[in-house]
Amino acid sequence: MADDTPLLVTREGPVVRATMNRPELRNALSAAMGEAWDRLLAELEADRTARVLVIAGAGGHFCAGLDLTEVASDAPPAERLARAEARNRRTGARFAAISALPQVVVAAVEGACHAGGLGFCCAADIAFATATARFAAPEVRRGLVPAQILPWLARRTGRTAATRLVLEGTVIEAAEAARIGLVHGMLPDAAALAAQLEATIAAVLQGAPGALAETKGLLAALGPVSPEGYAEAGAAAFARTSSSEEAAEGIAAFKAKRKPGWAG
């Protein structure tokens, strides 16, 4: 896509499509993209004519997570800590807002779905992936913690699968993601994914808007994992780790495409 808008939003009747649009960086989440998300979510929360939100990424990738080039700062430690905590709190609020939308939210995942991208996927009500999709929560390998992603991941997959993903930080393929319930199905290619999206949208539109919104509320009340009550603790933990020497080394290693010092 030639458009340099970080979040492309289109609408076809009751269906809104939001495409994260930084393909040169695998749609890494920048501050500008986050602000665009927040505006869209505020609009959708008040829009009772929109029925479905489809989340996708441009250029064959979903979202590679936070743009780490925006994390580094020469500011004093206390200021860096405050910025990191505020940024992470906004991330958690964003995932909560996606989950709480009255619209049914469907994620269409191709390519990289890492870190914060995993949060978008898990905050959606329904998710499908192509065989090219790759999922990971690599934060510990950057000296960080998967703060605001963890509760949504655990709600989607259960604690057992989430534990392994966040502690190993390894990449899993789409077939494994489907097996553990991270996505609701794997499609062979983009054309099949598009067909599945249309079928899902058609099915959702058969439901009554009010009944769907109420059902989403009931689903959110099920189970032991409560992301909504977790945001503050997650933001504080992320702020502490992002200001650490480990994070400085992890981010430097990521930029240099090398292993961090602790990995040997």
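Structural data are supplied above this passage.
This structure is a prediction, so every number in the text was calculated from the model and none was measured.

## Points about the packing of aromatic side chains
Where two aromatic rings form a pair, the distance of their centres and the angle of their planes describe that pair.
Thought 1: Counted by the stated rule, this structure contains two aromatic pairs.
Thought 2: Consider the rings of Phe95 and Phe120, whose centres lie 5.4 Å apart with planes at 80°: the pair is edge-to-face. Separated by 25 residues along the polypeptide, Phe95 in helix α2 (residues 77-100) and Phe120 in helix α3 (residues 116-123) bring together distant segments of the chain.
Thought 3: Judged by its relative accessible area of 0%, Phe120 falls in the buried class.
Thought 4: Through pairs of rings, three or more aromatic residues link up here, namely Trp37, Phe95 and Phe120.

## Description of the environment of Gly60
Thought 1: Within the secondary structure, Gly60 is located in the loop between β3 (52-57) and α2.
Thought 2: On the accessibility criterion, Gly60 (33% relative accessible area) is partly exposed.
Thought 3: Spatially, the C-alpha atoms of Gly60 and Ala256 are 24 Å apart, while their sequence positions differ by 196 residues.
Thought 4: Look past the residues within four positions of Gly60 in its chain and what remains in contact with it is Glu110 and Gly111.

## Some points on the pairing of strand β2 (residues 15-20)
Thought 1: Counting buried positions along β2 yields six of six residues, so the element is predominantly enclosed.
Thought 2: By the alternation rule, side chains of β2 split into Val15, Arg17 and Thr19 and Val16, Ala18 and Met20, which are all buried.
Thought 3: Between strand β1 (residues 7-12) and β2, which follow one another and run antiparallel, lie two residues, and Gly13 among them has a positive phi close to 60°.
Thought 4: Each parallel crossover has a hand, and for β2 linked through helix α1 (residues 31-45) to β3 it is right-handed.

## Points about the environment of Ala78
Thought 1: Tracing the sequence through the fold places Ala78 in helix α2.
Thought 2: Taking C-alpha positions, Ala78 is 8.8 Å from Ser243, a pair spaced 165 residues apart along the chain.

## Here's the deal with the packing of helix α4 (residues 150-157) against helix α5 (residues 159-168)
Thought 1: At a minimum axis separation of 7 Å, α4 and α5 run at an interaxial angle of 135°. Comparing their axes, α5 and α4 come out oblique. Every pair of crossing elements has a handedness; the one defined by α4 and α5 is right-handed. Counting all contacts with α4, which are made through Leu150, Leu153, Ala154 and Thr157, the residues of α5 involved are Arg159, Ala161, Ala162, Leu165 and Val166.
Thought 2: Broken down by class, the residue content of the contact of α4 with α5 amounts to seven nonpolar, one polar and one charged.

## Thoughts on α2
Thought 1: Under the 1.5 Å per step criterion, the end-to-end length of α2 is 34 Å for 24 residues, consistent within 8% with the ideal 34 Å.
Thought 2: Residues of α2 that are buried: Ala84, Arg87, Asn88, Thr91, Gly92, Arg94, Phe95, Ile98 and Ser99.

## So, the pattern of salt bridges
Thought 1: Taken as a whole and judged by the stated rule, the model has 11 salt bridges.
Thought 2: Residues Asp125 and Lys216 are paired through a salt bridge, measuring 2.9 Å at the closest nitrogen-oxygen approach. Within this pair, whereas Asp125 is found in the loop between α3 and β6 (126-130), its partner Lys216 is found in helix α8 (residues 209-221), the two being separated by 91 residues in sequence.
Thought 3: The exposure class of Lys216 is buried, given its relative accessible area of 11%.
Thought 4: With a closest N to O distance of 2.9 Å, Glu176 and Arg179 form a salt bridge. Of the two residues, Glu176 and Arg179 both sit in helix α6 (residues 174-179), three residues apart, roughly one turn of that helix.
Thought 5: Residue classification places Glu176 among the partly exposed residues on the basis of a relative accessible area of 30%.
Thought 6: The structure contains a network of salt bridges with shared partners spanning Glu12, Arg17 and Glu198.

## A closer look at the sheet that holds β1
Working definition: the strands of a sheet are paired by backbone hydrogen bonds and lie parallel or antiparallel to each other.
Thought 1: Taken in spatial order, the six strands line up as β1-β2-β3-β4-β6-β9 in an open sheet, and their pairing is mixed. Strands at the two margins of the open sheet, each flanked by one partner only, are β1 and β9 (185-187). When the angles between neighbouring strand axes are averaged without regard to direction, this sheet yields 20°.
Thought 2: As paired strands, β3 and strand β4 (residues 104-109) are joined by four bridges and run parallel to one another. Within the sheet, the bridge partner assigned to Val52 lies in β4 and is Val104.

## As for the nonpolar core
Thought 1: The biggest cluster of nonpolar side chains holds 49 residues, and the ones touching the most others in it are Met20, Trp37, Leu53, Phe62, Val109, Phe135 and Leu182.
Thought 2: Here this core takes six residues from α1, the largest share from any one element.
Thought 3: Excluding its chain neighbours within four sequence positions, the residues that come into contact with Val109 are Phe62, Cys121, Phe128, Ala129, Thr130, Ala133, Phe135 and Leu193.
Thought 4: Counting 13 residues, the second-largest nonpolar core is a separate cluster that includes Val52, Val54, Val106 and Ala108.

Thresholds, definitions, all that
All residue numbers here refer to positions counted from 1 along the written sequence of the relevant chain. Residue-level local features of this predicted model are given only where pLDDT is at least 70; pairs of side-chain atoms are given and counted only at 80 or more, and the full residue set underlies all totals for whole chains, interfaces and linings. Hydrogen atoms and water are omitted, and side-chain values are computed over all heavy atoms in the structure. Each pair of aromatic rings taken from Phe, Tyr and Trp, with Trp reduced to its six-membered ring, is defined by centres within 6.5 Å and is described as stacked if the planes are under 30 degrees apart, edge-to-face if over 60, and tilted in the remaining cases. Put simply, DSSP H or I for four residues or longer makes a helix, DSSP E for two residues or longer makes a strand, and each gets a number counted from the N terminus. Relative accessibility under 20% of the residue-type maximum defines a buried residue, over 50% an exposed one, and the middle range a partly exposed one, all with a 1.4 Å probe and only protein chains included. Should any heavy atoms of two residues lie within 4.5 Å, those residues are counted as being in contact. Note on pairing: two strands pair once DSSP finds at least 2 bridges between them. By the criterion used throughout, a crossover qualifies as right-handed when its path from the first strand across the helix to the second strand runs clockwise, the strands pointing away from the viewer. To define axes, lines are fitted to C-alpha atoms, for helices over the stretch in contact only, and angles between the resulting N-to-C directions are given on a 0 to 180 degree scale. Just so you know how the angles are binned, under 35 degrees is roughly parallel, over 145 roughly antiparallel, 65 to 115 roughly perpendicular, and the rest oblique. Definitions for this section: a left-handed crossing has its near helix turned counterclockwise from the far helix by less than a right angle. A right-handed crossing has that turn clockwise. Under the convention adopted here, Pro, Cys and the residues Ala, Val, Leu, Ile, Met, Phe, Trp and Tyr are nonpolar, Asp, Glu, Lys and Arg are charged, and Gly plus all remaining residues are polar. Multiply 1.5 Å by the residue count of a helix minus one, and that product is the helix's expected span. Salt bridge criterion: a side-chain nitrogen from Lys or Arg within 4 Å of a carboxyl oxygen from Asp or Glu. Buried Ala, Val, Leu, Ile, Met, Phe, Trp, Tyr and Cys residues that are joined via side-chain atoms within 4.5 Å together make up what is termed a nonpolar core.

The values are spatial; any link to function lies outside them.
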